[in-house]
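# Observations on chain architecture
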Amino acid sequence: MIFYFSGTGNSRWAAEQIAALTGDETRDISRLEKTPEIRNERQIGLVFPIYAWGVPEPMLNFVKTLEKTNAFTFGVCTCGEEAGLAMKKLSALYPLRSSYSLVMPNNYILGADVDDDQMARQKIHEAEKAIQTMAREIIQRKAVYRVEEGSLAKLKSGFVNFGFNKFARSTKAFFTEDSCNGCGLCARNCPAGTISLMNGKPAWGRQCYQCLRCIHECPQEAIQYGKGTEKRGRYTIGRYLQDR
């Protein structure tokens, strides 16, 4: 069983690719009503994006409820470049036999713009090759630690990640432009369940993972976060898979 959390689709895609190659199945943890029975599973995988060199809150909370078994365990984190000590910190909560980081196209447009089409396609192509290697090693039950931690990993996964979770996950900067047509897609798909429609327009509660799914998936590109996202692109992996 492979459990995943995903914002704009990178980690969902990675989980599904691995599952297809290893004969496994996937579960989206944001849609689970209760923790599944895993006692008879032969392998347990955890796939998720890196947020500020750390593991997203929903995945951390999920693994605390996950039963420890004799299954082969592995984790894959998708990231723009570096993962810091995220995988080691996760393994301290739920021991992993193998850990990997997987570079995927940038989707955190609060810090920088999305990758151009050529770069995004190249990253996805390289990720496909990396996943094939991961799948072979998972099938062989190899103990692997292939994670690009980057420089100052302890500082980034400690102080910086703490600051992100404490101060950078506010919903106050979200707003919609006049082009919003009230379709409700953002409210239906929000993993945190923090978006509701009020007078036909989205309104954000306090709980937010900063996955930015609402911004990237909006058909009208009407959702913004402060002024920084107004001139930046939007990204979902589905756009790059349609022509395959």
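Presented here is a report on the structure given in the accompanying data block. Predicted model only: the values in this text are computed from it and were never measured.

### Here we look at the side chain of N189
Residue placement: N189 occurs in helix α6 (residues 185-189). By relative accessible area, N189 is classed as buried at 19%.

### Thoughts on the packing of helix α1 (residues 10-22) against helix α4 (residues 117-139)
A pair of packed helices can be characterised by two numbers: the angle between their axes and the separation between those axes. Packing of α1 against α4 brings their axes to within 9 Å, and their N-to-C directions diverge by 45°. Regarding the angle of α1 to α4, the classification is oblique. At the point where α1 passes α4, the crossing takes the right-handed sense. Residues W13, A14, Q17, I18, L21 and T22 of α1 touch α4, and the partners they reach there are I124, A127, E128, I131, Q132, A135, I138 and I139. Looking at the contact of α1 with α4 residue by residue, the classes come out as 10 nonpolar, 3 polar and 1 charged.

### Observations regarding the nonpolar core
Counting 28 residues, the largest nonpolar core has F3, L46 and M59 as its most contacted members. Listed by contribution, the elements that provide at least two residues to this core are β3 (43-49), α2 (57-63), β4 (72-79) and α3 (86-93). In contact with F3, not counting residues within four places along its chain, are R27, I29, L32, P36, I38, I44, G45, L46, V47, M59, F62 and L66. Counting residues in hydrophobic clusters, the runner-up holds 24 residues, among them A19, L102, I124 and Y235.

Parameters and conventions
- Residues numbered from 1 in each chain as written.
- Predicted model: local features only at pLDDT ≥ 70, side-chain atom pairs only at ≥ 80, totals over all residues.
- Heavy atoms only, no water.
- Helix = DSSP H or I, 4+ residues; strand = E, 2+ residues; numbered from the N terminus.
- Buried < 20%, exposed > 50% of the residue type's maximum accessible area, 1.4 Å probe, protein only.
- Axes fitted to C-alpha atoms, helices over the stretch in contact; angles between N-to-C directions.
- Parallel < 35°, antiparallel > 145°, perpendicular 65-115°, else oblique.
- Left-handed = near helix turned anticlockwise from the far one by under 90°.
- Contact = heavy atoms within 4.5 Å.
- Nonpolar A, V, L, I, M, F, W, Y, C, P; charged D, E, K, R; others polar.
- Core = buried A, V, L, I, M, F, W, Y, C linked by side-chain atoms within 4.5 Å.

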